[in-house]
2 protein chains.
Amino acid sequence: MTKQRIDAVRRACASRRLQALVVAHLPQIRYLTGFTGSNALYCITKNASWLLTDGRYAEQVKDEVRGARAVIVKGRLFDACAQLIRLPRNARIGYDPASVSVAGFSQWKEALPGRRWIALDGIVEAGMAVKDELEVAVLREAIAISEKVFREILRILRPGVRESDVAAEITYRHRLLGAEADAFEPIVASGVRGALPHGRASDKKIRSGELVTIDFGCRVRGYHSDITRTVAVGRPSYRLRAMYDAVLDAQTVAIDAVRAGVRGSDVDAAARRALRSHSLLRYFRHSLGHGLGLEVHEWPRLSPLSKDDLQTGNVVTVEPGVYVPGVGGVRIEDDVLVRPNGGLVLTSLPKKLICL
Amino acid sequence: MTKQRIDAVRRACASRRLQALVVAHLPQIRYLTGFTGSNALYCITKNASWLLTDGRYAEQVKDEVRGARAVIVKGRLFDACAQLIRLPRNARIGYDPASVSVAGFSQWKEALPGRRWIALDGIVEAGMAVKDELEVAVLREAIAISEKVFREILRILRPGVRESDVAAEITYRHRLLGAEADAFEPIVASGVRGALPHGRASDKKIRSGELVTIDFGCRVRGYHSDITRTVAVGRPSYRLRAMYDAVLDAQTVAIDAVRAGVRGSDVDAAARRALRSHSLLRYFRHSLGHGLGLEVHEWPRLSPLSKDDLQTGNVVTVEPGVYVPGVGGVRIEDDVLVRPNGGLVLTSLPKKLICL
C-alpha cells in the first residue's frame, strides 16, 4: 500500500525534475507513512525517504511508520532534514506553498541555501483524492458508525432538548461505536439558528415546529464521514417544508450529475439551477461539496470556481443548503463515490423529511 | 474589553511605524473581535478595523463581532481587504510570518503590490498572554468543569475498561457540564502505553497494577483548561511509584519557581534538576509547559530554549513527565497563574498518587 503511494510520488517528482520533495501537511504524511502524530515532516528523494518528528513520538513511530526511515529530532525538524538529504547546490526541491508558513519556509531556505525551491501542489493530493477499495471500505465504516449514531439521536430529539446536548450525544456515541473521534465539532442548529450554516451547537432548546440541521461525522483509522440531515420536530410550517423540498430537489439533481469526467463546477451548477427554479438560489451561500478522505476537505472541490474534473475513485460530499435569516435553514449532505457512469451514494439515511 | 485590546494593538503598530496590521490567526481574531468562525481575516489601521469572512457567517457576525466592521466576502478574503484599506504605495504593513502560508502571502502581495510587508510576531500574542480578571474567571470555569469530570471518571476507571471508553466519557461529560468542546482529544495511556507522551486513547484495556496517564481539558467561551493526572489501578510496582514520586517532586519544585520576572527556561531547568537528582532526566522528553488561554499552546513557553520572561497575569501549564519505554509513564500537569511573588495554582485536584 505505502509502497504504491510512494512510487507514485517518486514518478511525479521525476516528471517535474525534482531531486527531493518536502511534505509538511500532516494528513499527507499519514497517507505516505502511516504516522499519526501532531508534529512531523516528510522528505523523499530518488533513493530514500524520511519521517522526522520529536521525542514525544519515539515509541509511536515504531508501531506506525512504514516505508520511510523514522528520525527523532531535537530542535527544528527541517534542520535535521537538511543534514540528511545532502543535495547538491542548484538541486530542485519541491514543496507545497499552501502547507508551510512564511516563517517556516524562510528557515528551510536558511538550512539548505542555494537550492531551487519549486512551488507545487497536487503531487500528494492527486493520489489521496483517488480512493482504492480498502480506503472506500474504511470510509464506509466511518459512515456506518455515523448513521447508527444518527438513528440513536432521533430517539432523543424532542422539544426542550438543548442543541449542545444533542452534540454531546453524537460525539459520545461516535466514540463508543469505535470511531477515533468526531471528524469536526457536530453542528446542531435549530429554528432560526438554522440560518447559520456553521452554527456551533448552543444552549438553545429545540422547540416544536422547528427544523433542526445536524451536520456531523467521525474518523475511523484516519478516514472521515461527513453527513447532514435536517429533521423537523413537531409540524413545520408550509414555508419550511417548501425549503426542504427545494434543497432535496437540488441535492438529487446534483448527485445525478456526478460521474467521472464531469467538472466540479458543473455539478455545483446543477444544484444552483434547481435552487433558482425554486427562487431560493440567493439563500445558498457556500459551495456544493468537497472531497472526503484523510481530510474532511480535500480534492476535488464542487464549487462555482472549481476546475477539478471528477475521477473514478473520488469520494465527494454533495451538500446544498438554504439559509433564510430569521426563518431557518435546511441542508442535506451525502457522501458519494465517483464511478465511470455515475455516483454511488455511500450514505443510506433516508431523505424524506423526518417529522418527530 | 475589545476596545482596550484594540487600543493596545494600535499603540504597538504606531511604535513600529506600521500603517496597518493584518491578522490571520483565528484565536487572535477571536481575541480582538469576538468572532468564532473558521474562516476570517482581520485588518486594522489607525482609524478603522475590519473582520472579513465568508457568507456562511453572515448571521453569526451580527451576534459576535464587536469593535470591527464585519464584511462578508465572496472570493478571497484578502482581495476584499486590499480594496478596503487603500494604503499608499510604500506603506508599512505588519503581518505574522508564522500564521500565513507561502501561498497565501504571495496572494496578499499580489493584491497590494508595492507595499512594504514587515514580518513581526508578538503584537497580539503579548496582549493575549496577560489575562485580566475576567479571563482568569473563565479559565477557572473551564478548569472546574474538567476537575468535576475527572472525579466522575475515577469512578469508572477499573481493570478491563478500554482507554477509548475513558476518553469518550471525558468528552461526553465535558459537554454535558457546559463546555463548548474538548480542548484537544483526551490522552488516556495505560501501562507501557504510558511511555507514549502523546498516545491517543486506544482499544487497550486497563489492567490491574498499571499506571494510567490522563491528559485532558475543555473549552469554555474560547478559553481552555489543560490538566494531567496519572493514577494507579490496583497496586503499582515499586519502580512505578518511584517514577511518580520523582515527577511530583519535579512539578512541586517547578511550581515553586514560578513568579513574575523569572525566565521560562529557568522554571524548566528547576524541573530538570529535580529529575536529574532522581536519575530520570533522560526520560523527560518534552518541554515543561506553555501559556494557556484562547489557545492551548500560547505565550509564554517553559522550555530549555525559552527566552520568555513570566509576567503577572500569565497562565501557564507546569507538566513534567517521565516516559520509560517498556515500563510506563507518569505526567502531572497543573495550570498556574503568574503573580508578582509566586504562582497561584488554579487546579485543585489532589496530587498524591491515587490507587484505585
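Participant: It is not clear to me how helix H8 (residues 163-176) of chain A should be interpreted in this structure. Could you clarify?
Facilitator: Note: α-helices contain 3.6 residues per turn, so residues at a spacing of three or four share the same orientation. Residues and elements named next belong to chain A. Given a rise of 1.5 Å per residue, 14 residues ought to cover 20 Å, and the 20 Å separating the end C-alpha atoms of H8 matches this to within 8%. Summarising burial for H8: 11 of the 14 residues are buried, a large majority. Taken residue by residue, H8 has Glu-163, Ser-164, Val-166, Ala-167, Ala-168, Glu-169, Ile-170, Thr-171, Tyr-172, His-174 and Arg-175 as its buried positions. After H8 finishes, the residue Gly-178 shows a positive phi value of roughly 105 degrees.

Participant: Help me understand the side chain of Arg-272 of chain B, please; the structure alone is not making it clear to me.
Facilitator: All names here are of chain B. Secondary-structure assignment places Arg-272 in helix H10 (residues 264-277). We classify Arg-272 as buried; its relative accessible area is 15%. With sequence-adjacent residues up to four places away left out, Arg-272 is seen in contact with Leu-281, Phe-284, His-286, Ser-287, Leu-288 and Pro-304.

Participant: Honestly, the nonpolar core in this entry has me stumped. Any pointers?
Facilitator: Burial of nonpolar side chains together is a common tendency in soluble globular proteins. Counting residues in each nonpolar core, the largest one holds 59 residues, and the members touching the most others are Leu-21, Val-166 and Ile-214 of chain A. Those residues in contact with Ile-214 of chain A that sit more than four places away from it in its chain are Phe-150, Ile-153, Leu-157, Val-166, Ile-170, Ile-187, Ile-227, Thr-228 and Arg-229 of chain A. Counting 58 residues, the second-largest nonpolar core is a separate cluster that includes Tyr-31, Phe-35, Tyr-57 and Ala-201 of chain B.

Participant: How should the packing of aromatic side chains be read in this particular structure?
Facilitator: The geometry of two aromatic rings is summed up by the distance between their centres and the angle between their planes. Residue and element names in this part refer to chain A. In this structure the tally under the stated criterion is 19 aromatic pairs over all chains. Their ring planes at 70 degrees and their centres at 6.2 Å tell us that Phe-105 and Trp-108 sit as a pair that is edge-to-face. Of this pair, Phe-105 and Trp-108 both sit in helix H5 (residues 102-111), separated by three residues, roughly a single helical turn. Linked through ring pairs, Phe-78, Tyr-95, Phe-105, Trp-108 and Trp-117 together constitute an aromatic cluster.

Participant: How should I be thinking about the relation of the copies chain B and chain A in this particular structure?
Facilitator: What connects the two chain copies is a rotation about an axis and a shift along it. Overlaying chain B with chain A gives an RMSD of 0.0 Å, the required rotation being 180 degrees about an axis along which the chain moves by 0.0 Å. The relationship between the two copies is best expressed as a two-fold rotation axis. For chain B, the residue whose C-alpha comes nearest the rotation axis is Ser-101 of chain B, separated from it by 2.0 Å. Comparing interface residues between copies, 100% of those in chain B also lie at the interface in chain A; the contact surface is shared.

Participant: What am I meant to see in the domain arrangement of chain A here?
Facilitator: All names here are of chain A. Per the domain assignment, the segments of chain A are domain 1 (2-128) and domain 2 (130-345). Here the C-alpha centre of domain 2 lies 34 Å away from the C-alpha centre of domain 1. Contacts between domain 1 and domain 2 engage 10 residues on the former and 13 residues on the latter. Summed over both partners, the interface of domain 1 with domain 2 buries about 890 Å², with 49% contributed by carbon and sulfur atoms. The tally of links between domain 1 and domain 2 comes to two salt bridges. The partner of Arg-30 in a salt bridge is Glu-180, with the nearest N and O atoms 3.6 Å apart. The interface formed by domain 1 and domain 2 contains six residue pairs in polar contact (both at pLDDT 80 or more).

Participant: For this particular structure, what's the right way to read the environment of His-174 of chain B?
Facilitator: All names here are of chain B. Positionally, His-174 belongs in helix H8 (residues 163-176). A residue is classified by how much of its surface remains accessible, and His-174, at 1% relative accessible area, is buried. For the pair His-174 and Ile-145, spaced 29 residues apart in sequence, the C-alpha to C-alpha distance is 6.6 Å. Dropping the residues within four chain positions of it, His-174 is found in contact with Ile-145, Ser-146, Val-149, Ala-179, Asp-182, Phe-216, Gly-217 and Cys-218.

Participant: Before we go on, may I ask you to explain unusual backbone geometry in this structure?
Facilitator: Negative phi values dominate among residues other than glycine, just as trans dominates among peptide bonds. Cis geometry marks the peptide bond from Trp-299 of chain A to Pro-300 of chain A, where omega comes out at -15 degrees. If you check the backbone angles, Arg-17 of chain A has positive phi at about 55 degrees while not being a glycine. With respect to the helices, strands and loops of the structure, Arg-17 of chain A is situated in the loop between helix H1 (2-15) and strand E1 (20-23). Residue classification places Arg-17 of chain A among the exposed residues on the basis of a relative accessible area of 56%. For Ser-279 of chain B, which is not a glycine, the phi torsion comes out positive at approximately 60 degrees. Looking at the secondary structure, you find Ser-279 of chain B in the loop between H10 and strand E13 (289-291).

Participant: Whenever I open this one, the interface of chain B and chain A confuses me. Can you help?
Facilitator: Many analyses report the size of an interface as the accessible area lost when the parts associate. With 40 residues of chain B at the interface, the matching set in chain A holds 40 residues. Roughly 3300 Å² is buried in total at the junction of chain B and chain A, and carbon and sulfur atoms are behind 56% of that figure. Here chain B is connected to chain A by two salt bridges. Note that Arg-219 of chain B and Glu-185 of chain A form a salt bridge whose closest N and O atoms lie 3.0 Å from each other. When contributions to the side of chain B that touches chain A are tallied by element, the ones reaching two or more residues are helix H5 (102-111), H8 and strand E7 (181-182) of chain B. Class assignment of the residues belonging to the side of chain B that touches chain A gives a composition of 19 nonpolar, eight polar and 13 charged.

Participant: Where do I start with the pairing of strand E5 (residues 92-95) of chain A in this structure?
Facilitator: In regular strands, side chains alternate between the two faces of the sheet. Residues and elements named next belong to chain A. In E5, alternate side chains face the same way, and those of Arg-92 and Gly-94 on one face and Ile-93 and Tyr-95 on the other are all buried. When E1 meets E5, the two strands line up parallel, connected through two bridges. Bridge pairing in E5 links Leu-21 to Gly-94. Direction of pairing for E5 relative to strand E6 (residues 116-119): parallel, over a ladder of four bridges.

Participant: So what exactly am I meant to see when it comes to the pattern of salt bridges here?
Facilitator: Should their charged atoms come close, side chains of opposite charge can pair. Residue and element names in this part refer to chain A. Applying the stated criterion across every chain yields a total of 46 salt bridges over all chains. We note a salt bridge from Asp-309 to Arg-263, for which the minimum N-O separation is 3.0 Å. One end of the pair, Asp-309, is in the loop between strand E14 (298-302) and strand E15 (315-318); the other, Arg-263, is in the loop between helix H9 (238-257) and helix H10 (264-277), with 46 residues separating them in the sequence. Its relative accessible area of 38% is what places Asp-309 among the partly exposed residues.

Participant: How should I be thinking about the pairing of strand E3 (residues 49-54) of chain A in this particular structure?
Facilitator: Residue and element names in this part refer to chain A. Within E3, six of the six residues are buried, which leaves it mostly tucked inside the rest of the structure. Of the two faces of E3, the one carrying Ser-49, Leu-51 and Thr-53 and the one carrying Trp-50, Leu-52 and Asp-54 are both buried. Where strand E2 (residues 41-45) and E3 come together, four bridges link them in antiparallel fashion. By the bridge assignment for E3, Tyr-42 is matched with Leu-51. Linking two consecutive strands that pair antiparallel, namely E2 and E3, is a turn of three residues. The sheet contact formed by E3 and strand E4 (residues 69-73) spans five bridges and is parallel. In the sheet register, Asp-54 faces E4, and the bridge partner there is Val-73.

About the criteria used
Residues numbered from 1 in each chain as written. Chains lettered and ligands numbered in written order. Predicted model: local features only at pLDDT ≥ 70, side-chain atom pairs only at ≥ 80, totals over all residues. Heavy atoms only, no water. Helix = DSSP H or I, 4+ residues; strand = E, 2+ residues; numbered from the N terminus. Expected span 1.5 Å × (residues − 1). Buried < 20%, exposed > 50% of the residue type's maximum accessible area, 1.4 Å probe, protein only. Contact = heavy atoms within 4.5 Å. Core = buried A, V, L, I, M, F, W, Y, C linked by side-chain atoms within 4.5 Å. Phe/Tyr/Trp six-rings, centres within 6.5 Å; stacked < 30°, edge-to-face > 60°. Least-squares fit on C-alpha atoms with pLDDT ≥ 70 in both. Domains from an automatic or database assignment. Buried area = accessible area lost by both parts, 1.4 Å probe. Salt bridge = Lys/Arg side-chain N within 4 Å of Asp/Glu carboxyl O. Polar contact = N/O pair within 3.5 Å; in protein donor to acceptor, adjacent residues only side chain to side chain. Nonpolar A, V, L, I, M, F, W, Y, C, P; charged D, E, K, R; others polar. Pairing = 2+ DSSP bridges.

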